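# Chain and residue survey
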Amino acid sequence: MSETKNNEELQQEETTEEVVETAETTETEEKAVDEKDQKIAELEAKLAEEDARYLRLRADYDNLTRRNRLDREAAEKYRAQSLLTELLPVLDNLDRALQVEVTTEEAASLYKGVQMVYDQLLAATQKEGLTIIPAEGESFDPNFHQAVMQEQDSEKETGIILRELQKGYQLKDRVLRPSMVSVNE
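In this text the structure is predicted, and so the values were computed from the model without any measurement.

Thresholds, definitions, all that
- Residue numbers run consecutively from 1 along every chain, following the written order of its sequence.
- In view of the model being predicted, local features appear only for residues whose pLDDT reaches at least 70, and side-chain atom pairs are presented and counted only at 80 or more, with totals across whole chains, interfaces and linings using the full set of residues.
- Side-chain metrics in this entry use all non-hydrogen atoms of the structure; hydrogen atoms and water are not considered.
- To define axes, lines are fitted to C-alpha atoms, for helices over the stretch in contact only, and angles between the resulting N-to-C directions are given on a 0 to 180 degree scale.
- The helix count covers DSSP runs of H or I at least four residues long, the strand count covers runs of E at least two residues long, and both are numbered beginning at the N terminus.
- Oblique is the label for any angle not covered by the other classes, which are roughly parallel (under 35 degrees), roughly antiparallel (over 145) and roughly perpendicular (65 to 115).
- Here is the rule for handedness: rotate from the far helix to the near one, and if that takes an anticlockwise turn smaller than a right angle the crossing is left-handed, while a clockwise turn gives right-handed.
- What makes two residues a contact is simply this: any of their non-hydrogen atoms within 4.5 Å.
- In this count, Pro and Cys sit with the nonpolar residues alongside Ala, Val, Leu, Ile, Met, Phe, Trp and Tyr, while Asp, Glu, Lys and Arg are called charged and the others, Gly among them, polar.
- Each pair of aromatic rings taken from Phe, Tyr and Trp, with Trp reduced to its six-membered ring, is defined by centres within 6.5 Å and is described as stacked if the planes are under 30 degrees apart, edge-to-face if over 60, and tilted in the remaining cases.
- Distance and angle both matter: a charge sits over a ring if NZ of Lys or CZ of Arg is within 6 Å of the ring centre and within 35 degrees of the ring normal.
- In the analysis that follows, any N or O atom pair within 3.5 Å is treated as a polar contact, provided that within protein one partner can donate a hydrogen and the other can accept it, and provided that, for residues neighboring in sequence, both atoms belong to side chains.

## Section: the packing of helix α2 (residues 81-98) against helix α3 (residues 105-127)
Axes are the key here: two packed helices are described by the angle between their axes and the distance separating the axes. With their axes 10 Å apart at the nearest point, α2 and α3 run at an angle of 150° to one another. Classified by the angle their axes make, α2 and α3 are roughly antiparallel. In the packing of α2 onto α3, the handedness of the crossing is left-handed. On α3, the residues that touch Leu84, Leu87, Val90, Leu91, Leu94, Asp95, Ala97 and Leu98 of α2 are Tyr111, Val114, Gln115, Val117, Tyr118, Leu121, Leu122 and Thr125. Residue composition of the contact of α2 with α3, grouped by class: 13 nonpolar, two polar and one charged.

## A short note on the packing of aromatic side chains
This model, assessed by the stated rule, comprises zero aromatic pairs. One Lys or Arg, Arg174, reaches over the ring of Tyr78 and ends 3.7 Å from the middle of that ring.

## Points about the environment of Ser182
Within the secondary structure layout, Ser182 lies in strand β6 (residues 179-184). Measuring from C-alpha to C-alpha, the distance between Ser182 and His145 comes to 9.6 Å, with 37 residues separating the pair along the chain. Leave out the neighbours within four places in its chain, and Ser182 touches Met149, Gln150, Glu151, Ile160, Ile161, Leu162 and Arg163. A polar contact is formed between the side chain of Ser182 and the side chain of Glu151, at a distance of 2.7 Å.

Here's what the structure looks like:
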């Protein structure tokens, strides 16, 4: 009987050891599963962070390319701006020369030549998109006109431009120089 008892005790010890080992194995497996879940969660968080970073970079790149395209289009559209700005005083001087009253035949010949040069220069600048800002008789618009004087004319409405003192010019939709005008009070 003692042998049977020993066998039973041994079996119980083995069973206890198996249960302990199984419990330890289960705990180890659970820890491993928990560690894997934690690692998966960390990797998913990193992936989400990298996705967000990628989307921000992509948006920044798209904005940069759009801005560059708009800058190139503006540069092409207004490429002649500096040259035309330099030519405005020349147009003014030719315009003043054409306002002189001609009395002799020789002066009339010179006047005709200046008129031809003025017309040619004006046509060339208009091909590039330069336009004269209309002023006299128009309503005053501070976007296109610069009021340097006020006069009173009871026959015209308030805010109407009475005289243009210096022509204004615009390149396509950009004002190069506003018209200097006298406005009715």
